[in-house]
2 protein chains.
Amino acid sequence: MERTSTVSLFDTIVTLMENKRYATLRDILTTMNPVDIAAVFEDIANEKCALLFRLLPKELAADTFVEMDEETQEMLIHGFSDTELKEIVDEIYVDDAVDIIEEMPANVVKRILRQADPEMRKEINEILKYPEDSAGSIMTTEFVILRPKMTVEEAIKRIRRTGIDKETIYTCYVSDSHSTLIGIITIKTLLLSEEDELIEDLMETNVISVNTLDDQEEVAQIFNKYNFLALPVVDREQRLVGIVTVDDAIDVMEEEATEDIQKMAAITPTTDKPYDRIGVFETYLSRIPWLLILMVSATFTGMIITSFEDALAASVVLSAFIPMLMDTGGNSGSQASVTVIRALSLGEIEFKDILMVIFKESRVSLLCGATLAAANFLKMMLFDRMLMGNESVTVMVAAVVCLTMIVTIFFAKIVGCTLPMIAKRLGFDPAVMASPFITTIVDAISLFVYFEIATALLHIG
Amino acid sequence: MERTSTVSLFDTIVTLMENKRYATLRDILTTMNPVDIAAVFEDIANEKCALLFRLLPKELAADTFVEMDEETQEMLIHGFSDTELKEIVDEIYVDDAVDIIEEMPANVVKRILRQADPEMRKEINEILKYPEDSAGSIMTTEFVILRPKMTVEEAIKRIRRTGIDKETIYTCYVSDSHSTLIGIITIKTLLLSEEDELIEDLMETNVISVNTLDDQEEVAQIFNKYNFLALPVVDREQRLVGIVTVDDAIDVMEEEATEDIQKMAAITPTTDKPYDRIGVFETYLSRIPWLLILMVSATFTGMIITSFEDALAASVVLSAFIPMLMDTGGNSGSQASVTVIRALSLGEIEFKDILMVIFKESRVSLLCGATLAAANFLKMMLFDRMLMGNESVTVMVAAVVCLTMIVTIFFAKIVGCTLPMIAKRLGFDPAVMASPFITTIVDAISLFVYFEIATALLHIG
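Computed from a predicted structure; not experimentally measured.

Draft legend 1. Representation of a nonpolar patch on the surface within the structure. A contiguous nonpolar patch, built from Phe 300 and Met 303 of chain A together with Leu 387 and Met 388 of chain B and spanning about 440 Å² of accessible area, is present on the exposed surface. Take Phe 300 of chain A: it is sitting in helix α17 (residues 280-307). Classification of Phe 300 of chain A by relative accessible area gives exposed; the value is 54%.

The structure is reproduced here in structure tokens:
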């Protein structure tokens, strides 16, 4: 499996550099995938990067450059002459150039834009205008445009002539004289058709497209649903302004899944850098806000305990079951909230399904509650009372705990499934309504229910 | 935005069916994407499906059929004549046929295999032999093979002749006479090269491939890393046996992300059906095992409280801070575990990085612990003592709580980051080591630390 080659090759590359065996190095590098070469650059000493980079043939150098992390890119750019920078900029696609520019300081951006030819500079500036996370911000403006009256032969000629600079030639776009998108045709259809057939007779006219301002998450969902390789992006007048390719859609999917997972674990997503490249302080900043908020909101739970202090003092055995009730409630609530959040982000359910969701979760909660209560009753009687000889675990105490459990799980599931849907409805990210947030609410509910039931059944307090 | 058309169109389609306007219906359906037509079938009454299906042109019918859920597919197959079934089977790709067969009861599988032509039947049976979730099980055997000595012109002719039955023609595979994969070439390269150039001079020879038995998650990671449209699958002798296309890799990515998220929330992943199609009992079964396990393991936490019953009775105020300490510990632990699990599943870190991870998490935990302890000290003094007038919240009690918090967060982060890495190392799924599991362990640790510190500082128990 050659993809693991960077691991074993890395030492060889370092040794060859030290021994100044540049011809051999070049031979090795040209057999490698740009992604793997970029990984080598991120691991070798900074002062060796420029030398190694100059060993790469022009096209491979550009392909490798776009795969590097921003620190390495910035460092290399500082070492480039204007001519070297221009060679890179000329080779890369507009959307990759935009990705790089977005991460660079202003003076580097200026240098890059100065080296880009006027057409490319215009396109970069167009894309930079779109809001972050919009379809416009992740699209590329390099695609093949065909006309409806062209023959297959003319179309293929055009692709051969202009295709070298296009990010994808596999889906071609047909527009009329007003630049309105009227159809798409794949290169497969072109190759499998007769040379004199007309594009307008072959093209697919029912085109699914997105608007420049649509959210990138929506774009990713469409790729996931329809198995496209590219998706056209149109402006408000239905004019074709760009395309999103499947590789960028995959990046969005991974990024959005990571963000959802982070939010579910009470982490503020701050960066899409890999774990080993994020600093300690940055990690701290992404984690501390929710810890603080959740700590303060646990005050209410504390207040509930304080207000039932007398009941607790009268029957200290009750406090032994607080962690179990809180954890079970929290876990039940997380299960519901996480399931609903994922279904919302995959577009499986919407706000209008809220009654169906509540009905379903309430039935699931009763099944779970009954099972856990029964298991817990047995455990309290057989283990706590008989085996451990804890006389204060009476049948009534067990009844209080089990009843609390059923009620708590019911509320936990209902709160867990409704809060994310309401958040979505109000325009917030449902993922924030996941486990930790639900846990805090469910803790308060479960303790309140516990003490109320205990006071009623055990005649204490 | 035409992709929302199914929603508004659905009523029209039902009305047209009731009024027997079949020609109009057919016209509407042929402008729709197969994915959207399949959604219509899933929503209309069963007895109308067969009629509607017969309105579809043959190719569109097959494309729509593969997008339906298994219930609708099975119902339609039962209504098909053998000729109708054969028409569908002939049109669909091998990997889609395998996906359908895997979900069908044995008698339906037999009928499908009987209608497949011998070549296809053999290929289906080949793929069915690979273990679930392996690269072999998600690959297709329909791809374009070229020979190294072919010219570009010959290659394009071959693609034109055989391409219609191939799932992708955009990447072509070059093999020698022993079927060993020796290179790949994209149709872009073919189209942009001269007609008399040789494939062996143009092809990319540094091919990244996977083995038939590699895990599908690994396959998805490679797509994510290298931006491929297709990935070749080879057997142990490096013979090319199939390819995985990017659309299948995207399905795997979404499926694996959902599974990770479910496991993190203590749900046993059972099905890849959308939320609204999973029954109540099935949902119950996927949730109850972990709830039971976690409930029983909370027994230990209860036992710790019981063994410090005297301390608690002597200083009841201590119990008011139990929920806050447990929640804060649990949240801190989840943050670390979820971050590490995600980094593991994206391939950002490996087991060998464990010391780096522990060092980083311990520094983050000290920063978080110090901040939270300071905030909590202020809150206990200003809010609980001064504002609420709770005289039993003394400086010493606040010190006990804050000290416990720092120690708990430290342990929580360390446990949170190491358990998933150890799980991965031992061959278990790290995602199971997420929030709920960590919470249970951290609960026990935090209570133990709390009571030990309280006993020492407050001279009780």
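Draft legend 2. Up close: the interface of chain B and chain A. Listed per partner, the contact involves 122 residues of chain B and 123 residues of chain A. Taking both partners together, chain B and chain A bury about 10900 Å²; carbon and sulfur atoms supply 64% of that area. Where chain B meets chain A, there are six salt bridges. Ionic pairing is found between Glu 361 of chain B and Arg 287 of chain A, a salt bridge with its closest N-O pair at 2.7 Å. The interface formed by chain B and chain A contains 24 residue pairs in polar contact (both at pLDDT 80 or more). For the side of chain B that touches chain A, the element with the highest residue contribution is helix α17 (residues 280-307) of chain B, accounting for 17 residues. The residue makeup of the side of chain B that touches chain A, split by class, is 67 nonpolar, 28 polar and 27 charged.

Draft legend 3. View of the sheet that holds strand β2 (residues 168-175) of chain A. Residues and elements named next belong to chain A. Taken in spatial order, the three strands of this open sheet run β1-β2-β3, and their pairing is mixed. Where the open sheet ends on each side, the last strands, each with one partner, are β1 (143-146) and β3 (181-186). Neighbour to neighbour, the strand axes of the sheet diverge by 35° on average, direction disregarded. Across five bridges, the pairing between β2 and β3 is antiparallel. Across the sheet, the residue bridging to Thr 171 is Thr 186, located in β3. Each of β1 and β2 touches helix α12 (residues 152-162); the most contacted strand, β1, lies at about 150° to it.

Draft legend 4. Highlighting the relation of the copies chain B and chain A. Between the two copies, chain B and chain A, the superposition gives an RMSD of 0.1 Å; the rotation angle is 180° and the shift along the axis is 0.0 Å. What the rotation and shift describe, once combined, is the action of a two-fold rotation axis. By residue overlap, the copies meet face to face through one surface: 100% of the interface positions of chain B are interface positions in chain A.

Draft legend 5. Just the packing of aromatic side chains, in detail. With the rule as written, the count across this model stands at 21 aromatic pairs over all chains. When the centroid spacing of 5.9 Å and the interplanar angle of 80° are considered together, the rings of Phe 143 of chain B and Tyr 173 of chain B count as edge-to-face. With a gap of 30 residues between them, Phe 143 of chain B in strand β1 (residues 143-146) and Tyr 173 of chain B in strand β2 (residues 168-175) connect regions that are remote in the sequence. Exposure class is identical for Phe 143 of chain B and Tyr 173 of chain B. Each is buried. Each member of the aromatic cluster is reached from another via a ring pair, and the members are Phe 41, Phe 53, Phe 65 and Phe 80 of chain A.

Draft legend 6. View of unusual backbone geometry. The backbone of Ser 179 of chain A sits at a positive phi, close to 70°, despite the residue not being glycine. Position of Ser 179 of chain A relative to the elements: it lies in the loop between β2 and β3. In this structure Ser 179 of chain A comes out as partly exposed when scored by relative accessible area, which is 35%. With a phi angle near 65°, Gln 238 of chain B is a residue other than glycine that sits in the positive phi range. Its location among the elements puts Gln 238 of chain B in the loop between β5 (230-234) and β6 (240-245). Taking the relative accessible area as the measure of exposure, Gln 238 of chain B reaches 40% and is therefore partly exposed.

Draft legend 7. Examining the pattern of salt bridges more closely. Applying the stated criterion across every chain, the model contains 30 salt bridges over all chains. For Lys 225 of chain B, the salt bridge goes to Asp 36 of chain A, with nearest N and O atoms at 3.5 Å. In this pair, Lys 225 of chain B is assigned in helix α15 (residues 216-226) and Asp 36 of chain A in helix α3 (residues 34-43), connecting two distinct chains. Residue classification places Lys 225 of chain B among the partly exposed residues on the basis of a relative accessible area of 39%. Residue Asp 36 of chain A is classed as buried on the basis of its relative accessible area of 4%. A salt bridge links Glu 237 of chain B to Arg 239 of chain B, with the shortest nitrogen-to-oxygen separation between them at 3.3 Å.

Draft legend 8. Region of interest: the pairing of β2 of chain B. All names here are of chain B. With eight of its eight residues buried, β2 lies for the most part within the structure. Here β1 pairs with β2 via three bridges, running parallel. Among the inter-strand pairings, Leu 146 is bridged to a residue of β2, identified as Val 174. Between the parallel elements β1 and β2, the chain passes through helix α12 (residues 152-162) in a crossover that is right-handed. From the end of β2 to the start of strand β3 (residues 181-186), which pair antiparallel, there are five residues, and Ser 179 there has a positive phi angle of about 70°.

Draft legend 9. Examining the environment of Asp 251 of chain B more closely. Residues and elements named next belong to chain B. Within the fold, Asp 251 resides in helix α16 (residues 246-264). Look at Asp 251 and you get partly exposed, because its relative accessible area is 34%. For the pair Asp 251 and Ile 341, spaced 90 residues apart in sequence, the C-alpha separation works out to 20 Å.

Draft legend 10. The packing of helix α20 (residues 354-387) of chain A against helix α21 (residues 395-425) of chain A, seen in detail. All names here are of chain A. Running from amino to carboxyl end, α20 crosses α21 at an angle of 155°, the nearest separation of the two axes being 8 Å. Judged by the angle between their axes, α20 and α21 are roughly antiparallel. Crossing of α20 over α21 shows right-handed handedness. Classifying every residue of the contact of α20 with α21 gives 26 nonpolar, five polar and two charged.

Draft legend 11. Focus on the environment of Ala 431 of chain B. Residues and elements named next belong to chain B. Within the fold, Ala 431 resides in the loop between α21 (395-425) and α22 (435-458). Once the C-alpha coordinates of Ala 431 and Met 264 are considered, the two residues, 167 residues apart in sequence, prove to be 5.5 Å apart. Leave out the neighbours within four places in its chain, and Ala 431 touches Asp 260, Lys 263, Met 264 and Ile 341.

Draft legend 12. Region of interest: the nonpolar core. In this structure, Phe 53 of chain A together with Phe 53 of chain B are the most contacted members of the largest nonpolar core, which totals 128 residues. Discounting chain neighbours no more than four positions away, the residues touching Phe 53 of chain B are Phe 41, Ala 61, Phe 65, Met 68, Leu 76, Phe 80 and Ile 88 of chain B. Among the nonpolar cores identified, the runner-up in size contains 76 residues, and Ile 288, Cys 368 and Val 397 of chain A together with Ala 454 of chain B belong to it.

Draft legend 13. Representation of α12 of chain B within the structure. All names here are of chain B. Looking at α12, one finds that the buried residues are Val 152, Ala 155, Ile 156 and Ile 159. What you see down the axis of α12 is that its buried residues fit within an arc of 95°, all on one side. Away from the buried face of α12 by more than 90 degrees, exposed residues Lys 157 and Arg 161 are located.

Draft legend 14. Fine view of the side chain of Ser 337 of chain B. Residues and elements named next belong to chain B. For Ser 337, the position within the fold is in helix α19 (residues 322-345). The class of Ser 337 is buried, set by a relative accessible area of 0%. In terms of polar contacts, Ser 337 uses its side chain to reach the backbone carbonyl oxygen of Ser 334, at 3.2 Å.

Draft legend 15. Summary view of the packing of helix α2 (residues 22-30) of chain B against helix α4 (residues 46-55) of chain B. Residues and elements named next belong to chain B. Between α2 and α4, the least distance of the axes is 9 Å, while the angle of their chain directions is 70°. The angle between the axes of α2 and α4 places the two elements in the roughly perpendicular class. Each of Tyr 22, Leu 25, Arg 26 and Leu 29 in α2 lies in contact with α4, whose residues at this interface are Leu 51, Leu 52 and Leu 55. In terms of residue class, the contact of α2 with α4 is made up of six nonpolar, no polar and one charged.

Draft legend 16. Molecular detail of the sheet that holds strand β5 (residues 230-234) of chain A. Residue and element names in this part refer to chain A. Pairing is mixed across the open sheet formed by three strands, whose spatial order is β4-β5-β6. Because the sheet does not close on itself, it has two edges, and the strands there are β4 (210-211) and β6 (240-245). The sheet contact formed by β4 and β5 spans two bridges and is parallel. What sits directly across from Asn 211, in β5, is Val 234. Against the sheet, helix α15 (residues 216-226) makes contact with β4, β5 and β6, and its axis sits at roughly 140° relative to β5, the strand it touches most.

Draft legend 17. Geometry of helix α9 (residues 106-115) of chain A. Among the residues of α9 of chain A, Val 108, Val 109, Arg 111, Ile 112, Leu 113 and Gln 115 of chain A are the ones counted as buried. On its buried face, α9 of chain A is in contact with α6 (70-79), α7 (82-91), α8 (94-103) and α10 (118-128) of chain A.

Each value, and the rule that gives it
Residues numbered from 1 in each chain as written. Chains lettered and ligands numbered in written order. Predicted model: local features only at pLDDT ≥ 70, side-chain atom pairs only at ≥ 80, totals over all residues. Heavy atoms only, no water. Patch = residues over 30% accessible without salt bridge, like charges linked within 9 Å, V, L, I, M, F, W, Y side chains within 5 Å. Areas by Shrake-Rupley, 256 points an atom, 1.4 Å probe, with all protein chains shown as cover. Salt bridge = Lys/Arg side-chain N within 4 Å of Asp/Glu carboxyl O. Helix = DSSP H or I, 4+ residues; strand = E, 2+ residues; numbered from the N terminus. Buried < 20%, exposed > 50% of the residue type's maximum accessible area, 1.4 Å probe, protein only. Contact = heavy atoms within 4.5 Å. Buried area = accessible area lost by both parts, 1.4 Å probe. Polar contact = N/O pair within 3.5 Å; in protein donor to acceptor, adjacent residues only side chain to side chain. Nonpolar A, V, L, I, M, F, W, Y, C, P; charged D, E, K, R; others polar. Pairing = 2+ DSSP bridges. Axes fitted to C-alpha atoms, helices over the stretch in contact; angles between N-to-C directions. Least-squares fit on C-alpha atoms with pLDDT ≥ 70 in both. Phe/Tyr/Trp six-rings, centres within 6.5 Å; stacked < 30°, edge-to-face > 60°. Right-handed = clockwise from strand over helix to strand, strands pointing away. Parallel < 35°, antiparallel > 145°, perpendicular 65-115°, else oblique. Left-handed = near helix turned anticlockwise from the far one by under 90°. Core = buried A, V, L, I, M, F, W, Y, C linked by side-chain atoms within 4.5 Å. Arc of directions from axis to C-beta.

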